[in-house]
Amino acid sequence: MNIKNTMLKITTVIAVVFSFLACEDDFETIGGSVIGEPGFNADLYDEAEVSATTYKLPPVQTNNLPANLLGVFNDPVFGKQTANILSQVSLSLPDPDFGTEPVLDSVVLRIPYFSREVETEDNETTVYALDSIYGNSPIKLSIQETIFFLNAFDPETNFQQAQKYYSNLGDQIQNNLTSGVLYENNSFLPSSEGIVEYITNAEGEADTLNLPPALKIQLSKQFFQTKILDKAGSAELSSVNNFRNYFRSIYINAEQVGDDGVMMLLNFNEGAGITLYYTSKKPDVGDEDEDEDTEELVEVQSQYRLPLGPAKVNTFEQDVPDFSNEENLFLKGGEGSMAIIDLFSGPDSDGDGVSDELEALRENNWLINEANLEFFVNRDHTANLAEPERLYIYDINNNVFLKDYRLDMPGQVNEMTSTSNNRHLAPLTRTEDGRGVSYKIRVTDHINNILNKDSTNVRLGLVVSQNVNLVTNSAVLQSGNGEAEVTRVPSNSVITPEATVLYGPEAEDEEKRLKLKIYYTEPKN
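Student: Lay out the sheet that holds strand 1 (residues 40-45) in plain terms, naming residues and giving numbers.
Tutor: Taken together, the 5 strands give an open sheet; going across it, the order is 1-29-20-24-23, and neighbouring strands pair in antiparallel fashion. Two strands in the sheet have a free side with no partner beyond their single neighbour: strand 1 and strand 23 (429-430). Pairing analysis gives 6 bridges linking strand 1 to strand 29 (residues 515-523), with the strands arranged antiparallel. For asparagine 41, the partnering residue across the bridge sits in strand 29 and is glutamate 522. Sitting on the sheet, helix 8 (residues 444-452) touches strand 20 (367-376), strand 24 (436-442) and strand 29, and the angle it makes with strand 20 is about 125 degrees.

Below you can see the structure in the form of structure tokens.
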């Protein structure tokens, strides 16, 4: 399933929370009706004081993500990033009846990739292409049972608030691994092949399912025979809560085996789980062998499903490069880095919290036609980076998107054809050979509110984005020494290993410096 469409569904409810920001009428320009009219001047102001710095993110919350990263990814600027997943295992039905003398035939784990249909061949086989796969070198993949218990609510708040788990949980999980190794592969690569599954339908007839590509692997029969089938009728399987305490979680662990690796985005929301295929003896109530004996025991093949989740946590290990170069802004997904931007950041001689420049601009009563921030890519650093198609900007003070962000309809998520978001968060412009040139972010409404409506000149955060239509955010782990500069980051930046390097406002090349450009109209004197 395509990641864009899938995650749009996930954010429908979330988007309602933010829809009040889009209730006012959308417009192409502000004061556009007087552009070029006699008695008015149209001009450009591009001398605003802008400051911007790279901010290395502390551990980020990862148990609220719409998708999860798994793998190892290496790039020449930001180094190595490793992503692992801790997941609960659940009962599909409490107190399952496996019949008499059940014996496992196979155990299969399936977690869908994000993919799209490319074509259908003459034999009606669907050809798929994988989305959100980064790198193409094998990695070591292993899965182990853990005794790490994932709480739904935080005991430190007397179970009044939802539990937050952060990306630095890896060491704690490693200390809670059991000896139960469910899977190990020293040379794993994701496959774009579709999956065929054979099931028994509600009428008891054999049926075939054609499914999109997924991480599909065989797990240890011995482990699940002992852990699940041999426990039939026990207290451990009698309820969901008992089971979650009995079989607490599994850890899907990726390790580098060469110089590079592969990172994949997994879609746990489309039927991720473990299926037990087993044979047992059950009464022949339907007299399948037509011997008129409905009490005899006959062998029957069955299956039982253990869904993954609901709780899941991504853990990250990321190299930390040197961000001391003030000419550049370094943006990286995951537990990576972002930019913090201050507009109109010059001197404040009266100490009232509003810069002298901003106070002077507010006196002009300009009609704002357009305002934008243009970020040029420093291609000396991005030759071998996985560059994001979009950047995402947000209000750090209040952890919401800007007024320029638009929902297509109040209470509804944006479709991928949304012209409003294409205008506000324009896609990366590229050279003919595909290398990034620049990003333009339209902030017309935001600047108009600051200059003409006395709105607070909030700090802005800039991050890479997997999907700009995702408007949820994730907490940033606080150090305990007072509130950090950043308290939350957009979740759309946590679920990607993509990265870029941008020229900042102090760049030596003046033509590529970050600037705020304000196109305005004012009456002639």
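From this point, the narrative continues.
Student: Give a detailed account of the pairing of strand 20, specifying residues and quantitative values.
Tutor: Among the 10 residues that make up strand 20, 8 are buried, leaving the element largely enclosed by the rest of the structure. Examined bridge by bridge, strand 20 and strand 29 share 7 bridges and lie antiparallel to one another. Pairing of isoleucine 368 across the sheet is with tyrosine 520, part of strand 29. As paired strands, strand 20 and strand 24 are joined by 5 bridges and run antiparallel to one another. Along strand 24, the bridge assignment pairs leucine 373 with isoleucine 441.

Student: I'd like a description of the packing of aromatic side chains, backed by residues and values.
Tutor: For the structure on display, the rule yields 16 aromatic pairs. Taking 6.2 Å as the distance between ring centres and 70 degrees as the angle between the ring planes, the aromatic pair formed by phenylalanine 73 and tyrosine 134 counts as edge-to-face. On the criterion of sequence distance, the pair formed by phenylalanine 73 in strand 3 (residues 68-75) and tyrosine 134 in strand 8 (residues 133-134) is long-range, its members being 61 residues apart. Just as phenylalanine 73 is buried, tyrosine 134 falls in that class too. Both rings, one in phenylalanine 78 and one in phenylalanine 323, keep their centres 6.4 Å apart while their planes meet at 50 degrees; by these two values the pair is tilted. Of this pair, phenylalanine 78 sits in the loop between strand 3 and strand 4 (79-89) while phenylalanine 323 sits in the loop between strand 17 (297-318) and strand 18 (328-332), and the two are 245 residues apart along the sequence. A relative accessible area of 4% means that phenylalanine 78 is categorised as buried.

Student: Before we move on, can you summarise empty space enclosed by the protein with the specific residues and values?
Tutor: Empty space among the atoms becomes visible once a probe the size of a water molecule is rolled across them. Per the counting criterion, the structure on display carries 4 cavities of 30 Å³ or more. When its volume is computed, the largest cavity comes out at roughly 70 Å³. Taken together, 10 residues line the largest cavity, and the ones lying closest to its centre are Tyr392, Asn399, Val400, Val471 and Asn473. For the lining of the largest cavity, the secondary-structure elements that each account for two or more residues are strand 21 (390-395) and strand 22 (400-401). Here the lining of the largest cavity is composed, by residue class, of 7 nonpolar, 3 polar and no charged. Estimated volume of the second largest cavity: approximately 50 Å³. Around the second largest cavity sit Lys56, Phe78, Gln318, Asp319, Pro321, Phe323, Lys332, Glu335, Gly336 and Ser337, which together line it. The class makeup of the residues in the lining of the second largest cavity is 3 nonpolar, 3 polar and 4 charged.

Student: Please set out helix 8 residue by residue, giving values where relevant.
Tutor: Residues that lie three or four places apart on an α-helix share one face, since the helix turns once every 3.6 residues. Among the 9 residues that make up helix 8, 8 are buried, leaving the element largely enclosed by the rest of the structure. Listed as buried for helix 8 are Thr444, Asp445, His446, Ile447, Asn448, Asn449, Ile450 and Leu451. The inward-facing, buried residues of helix 8 abut strand 19 (337-343), helix 6 (356-362), strand 20, strand 24, strand 25 (460-465) and strand 29. Aspartate 454, located one to two residues past helix 8, shows a positive phi value of around 55 degrees.

Criteria and thresholds
- Residues numbered from 1 in each chain as written.
- Predicted model: local features only at pLDDT ≥ 70, side-chain atom pairs only at ≥ 80, totals over all residues.
- Heavy atoms only, no water.
- Pairing = 2+ DSSP bridges.
- Helix = DSSP H or I, 4+ residues; strand = E, 2+ residues; numbered from the N terminus.
- Contact = heavy atoms within 4.5 Å.
- Axes fitted to C-alpha atoms, helices over the stretch in contact; angles between N-to-C directions.
- Buried < 20%, exposed > 50% of the residue type's maximum accessible area, 1.4 Å probe, protein only.
- Phe/Tyr/Trp six-rings, centres within 6.5 Å; stacked < 30°, edge-to-face > 60°.
- 1 Å grid on protein atoms, 1.4 Å probe; cavity = no way out; pocket = protein on both sides within 12 Å on 5 of 7 lines; lining within 4 Å.
- Points joined across faces, edges and corners; volume = space filled by probe spheres on them.
- Nonpolar A, V, L, I, M, F, W, Y, C, P; charged D, E, K, R; others polar.

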